[in-house]
Amino acid sequence: MHAAAAGRARGRRYPRYLPADPGAFVTSHQEFAAWVAVNRDGRVIGHVALHDAAGDPTLELAERRTGRSADHLAVVARLLVAPDSRRAGLGGAPLAVATEHARSIRRRAVLDVVQDSAAPIALYEATGWTRLEEPLRLALEDGRHLDLWSYVAPE
């Protein structure tokens, strides 16, 4: 989420701030796995990725909470669902795929989310993710900030 600093505000949508280069936002040098969801017509309606945890704002909290180092964690990132496909339960499937892949390579999944993102938070909590004890404030390059919660996947 932290790469979404530049660009125009998008209210409560994700990314909160649309990057000047959306392609660079979706394809990060930290990414080591990614998936897309397509509808019956073949249109991409969702995306999720796993990123290396080193350098992620969630890392310190996740290491303390799980007792695992960065190389044993994976950050769920860029969980996106097309606006016209939301509220159809589509976020849970990509999240489950990414979480299971992290487990299959012996990593525990973690993520961060803007604190006022009610729908994603409800999804994470309904699927057993645990909110870490401390909020995070992420300073953006343009002087704005994001207030985040960090979550860790169930074992």
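Please read all numbers here as calculations on a predicted model, not as lab measurements.

(A) Expanded view of the packing of aromatic side chains. By the definition in use, this model includes two aromatic pairs. Aromatic pair tyrosine 124 and tyrosine 151: ring centres 5.8 Å apart, planes at 55°, arrangement tilted. You can see tyrosine 124 sitting in helix α4 (residues 118-126) and its partner tyrosine 151 sitting in strand β7 (residues 145-152), a full 27 residues away along the chain. Across this residue pair, the class does not change: tyrosine 124 and tyrosine 151 are buried.

(B) Region of interest: the pattern of salt bridges. Counting across every chain of the model gives eleven salt bridges. Taking the shortest distance from any N to any O, the salt bridge between arginine 108 and glutamate 155 comes out at 2.8 Å. Residue arginine 108 is found in strand β4 (residues 108-114), and its partner glutamate 155 is found in the segment after β7; the two are separated by 47 residues along the sequence. Under the relative-accessibility criterion, arginine 108 is labelled buried at 13%. Two residues, aspartate 142 and arginine 144, come together in a salt bridge whose shortest N-O distance is 2.4 Å. Judged by its relative accessible area of 42%, aspartate 142 is partly exposed.

(C) Fine view of the nonpolar core. Formed by 18 residues in total, the largest nonpolar core has its most connected members in Leu50, Val76, Leu95, Leu111, Tyr124, Trp129 and Tyr151. Of all the elements in the fold, those that place two or more residues in this core are β2 (44-52), β3 (73-81), α3 (92-104), β4, α4 and β7. Beyond its immediate stretch of four places on either side in the chain, leucine 111 contacts Thr58, Val76, Leu95, Tyr124, Trp129, Trp149, Ser150 and Tyr151.

(D) Just α3, in detail. Look at α3: 18 Å from first C-alpha to last across 13 residues, which is about the 18 Å you get at 1.5 Å a residue. Within the sequence span of α3, burial applies to Pro94, Leu95, Ala98, Thr99 and Ala102. The arc that holds the buried residues of α3, viewed along the axis, is 130°, so those residues lie on one side. For α3, the elements touching its buried residues are β1 (31-38), β2, β3, β4 and α4. In the stretch just after α3, arginine 106 is the one whose phi turns positive, near 60°.

Conventions and cut-offs
- Residues numbered from 1 in each chain as written.
- Predicted model: local features only at pLDDT ≥ 70, side-chain atom pairs only at ≥ 80, totals over all residues.
- Heavy atoms only, no water.
- Phe/Tyr/Trp six-rings, centres within 6.5 Å; stacked < 30°, edge-to-face > 60°.
- Helix = DSSP H or I, 4+ residues; strand = E, 2+ residues; numbered from the N terminus.
- Buried < 20%, exposed > 50% of the residue type's maximum accessible area, 1.4 Å probe, protein only.
- Salt bridge = Lys/Arg side-chain N within 4 Å of Asp/Glu carboxyl O.
- Core = buried A, V, L, I, M, F, W, Y, C linked by side-chain atoms within 4.5 Å.
- Contact = heavy atoms within 4.5 Å.
- Expected span 1.5 Å × (residues − 1).
- Arc of directions from axis to C-beta.

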